[in-house]
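# Remarks on the overall topology
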Amino acid sequence: MDPSSKAPAFLVAAIAVILVSIGAASIYADLNSGQKGGETGAAIREVIPDIGDADLERILACDVCAAYGRVGEGQDLLSVLQAAGPELEPYLYPEGPVYSYGITYPGCIQIFLDGKTPANHSTTDTIYQVVERHGRGLGVKSTPVIFARTPFANRTATEEMLSPPWMKGKEA
């Protein structure tokens, strides 16, 4: 084999390794209120590649502030949340910033933060690490999580339970 033919083959192999590494890495999108909706939508499409336009619009209607991971085949997100639940308890509202969490239709975890939570990402990074650690323990390579701010920022959990938004102004 000619030594000059090894260089292009090595370069192609090196580029392929880099691209695979980037694709396999957990995707994190730093989304803040100063970015345009198009950038937020693109970041969400990185986490949920096959998301339809209607589902994307529904998620974009929330105040999305961070997105991590990537939706993949065979991810048992319910088991991930069940396993992470006890470790997430200290982060739950009103002692912590997590107002609620669950699994969205497009197949990712959505965590709603209290609207008063600071805009830095140390909080979302910390919470994601808890979820991701349990996901990896269950075989999920890159747990997909979208963080958004709750629209109920100024209400206490007790007020919310006693008078949910759809019951406002209605008598029992």
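Everything numeric here is computed off the predicted structure, so don't read it as measured data. Every residue gets a number counted from 1 within its own chain, in the order that chain's sequence is written. Only residues with pLDDT of 70 or above have their local features reported here, since the model is predicted, and side-chain atom pairs are shown and tallied only from 80 upward, although totals for entire chains, interfaces and linings are computed over all residues. For side-chain calculations, the full set of non-hydrogen atoms in the structure is used, while hydrogens and water are omitted.

Helix numbering and strand numbering both begin at the N terminus, where a helix is a DSSP run of H or I of at least 4 residues and a strand a DSSP run of E of at least 2. Counting its regular elements, the protein chain contains 6 helices and 5 strands. Taken from the N to the C terminus, the helices and strands of the protein chain come in the order α-β-α-α-β-α-β-β-α-β-α. Note on exposure labels: buried denotes an accessible area under 20% of the residue type's maximum, exposed denotes more than 50%, and partly exposed covers the range between, all computed with a 1.4 Å probe on protein chains only. Across the 172 residues of the protein chain, 37% fall into the buried class. Calculation of accessible area relied on Shrake-Rupley with a 1.4 Å probe; when residues are assessed, cover is drawn exclusively from the protein chains displayed. Roughly 10,200 Å² of accessible area belongs to the protein chain as shown, and the carbon and sulfur atoms make up 60% of that amount.

The biggest cluster of nonpolar side chains holds 19 residues, and the ones touching the most others in it are Ile109, Ile111, Leu113, Ile127, Val131, Val145 and Phe147. Among the elements that take part in this core, helix 4 (residues 77–88) stands out by supplying 5 residues, more than any other. What is meant by a nonpolar core is a set of buried Ala, Val, Leu, Ile, Met, Phe, Trp, Tyr and Cys residues, joined one to another through side-chain atoms within 4.5 Å. Formed by 10 residues, the second largest nonpolar core is a distinct cluster that contains Val47, Leu56, Ala67 and Ile146.

For Phe, Tyr and Trp, rings pair up if their centres lie within 6.5 Å, where Trp contributes its six-membered ring, and each pair is then called stacked (planes under 30 degrees apart), edge-to-face (over 60) or tilted (otherwise). For the coordinates displayed, the defined rule picks out 3 aromatic pairs. Taking the centre distance of 4.3 Å and the plane angle of 10° together, the rings of Tyr68 and Tyr128 count as stacked. Highlighted residues: Tyr68 in strand 2 (residues 63–68) and Tyr128 in helix 5 (residues 122–137), separated in sequence by 60 residues. For the pair Tyr68 and Tyr128, a shared accessibility class is recorded, and that class is buried. Taking the centre distance of 5.6 Å and the plane angle of 75° together, the rings of Tyr68 and Phe147 count as edge-to-face. Residue Tyr68 is located in strand 2, and its partner Phe147 is located in strand 5 (residues 145–149); the two are separated by 79 residues in the primary sequence.

Our next topic: the environment of Val131. Along the chain, Val131 falls in helix 5. Expressed as a C-alpha distance, the spacing of Val131 and Glu87, which sit 44 residues apart in the sequence, is 8.8 Å. Excluding anything up to four places from it in sequence, Val131 contacts Val80, Ala84, Leu88, Ile109, Ile111, Thr143 and Val145. By definition, residues are in contact when any of their heavy atoms lie within 4.5 Å.

What follows covers the environment of Gly102. By the secondary structure assignment, Gly102 is in strand 3 (residues 98–103). Placed 43 residues apart in sequence, Gly102 and Val145 show a C-alpha to C-alpha distance of 9.8 Å. Here Gly102 is in contact with Leu81, Cys108, Ile109 and Gln110, once residues within four sequence places are set aside.

Before going further, it helps to examine helix 4. Leu77, Val80, Leu81, Ala84, Gly85 and Leu88 are the residues of helix 4 that are buried. Buried residues of helix 4, viewed axially, fall in a sector of 150°; they line one side. The exposed set on the far side of helix 4, more than 90 degrees from its buried face, consists of Gln82 and Pro86. Of the surrounding secondary structure, the elements contacted by the buried residues of helix 4 are strand 3, strand 4 (109–113) and helix 5. The arc under discussion is defined with respect to the helix axis, by the directions toward the C-beta atoms.

Of the consecutive residues Tyr93 and Pro94, the connecting peptide bond is found in the cis state with omega at 10°. Examined against the element boundaries, Pro94 turns out to sit in the loop between helix 4 and strand 3.

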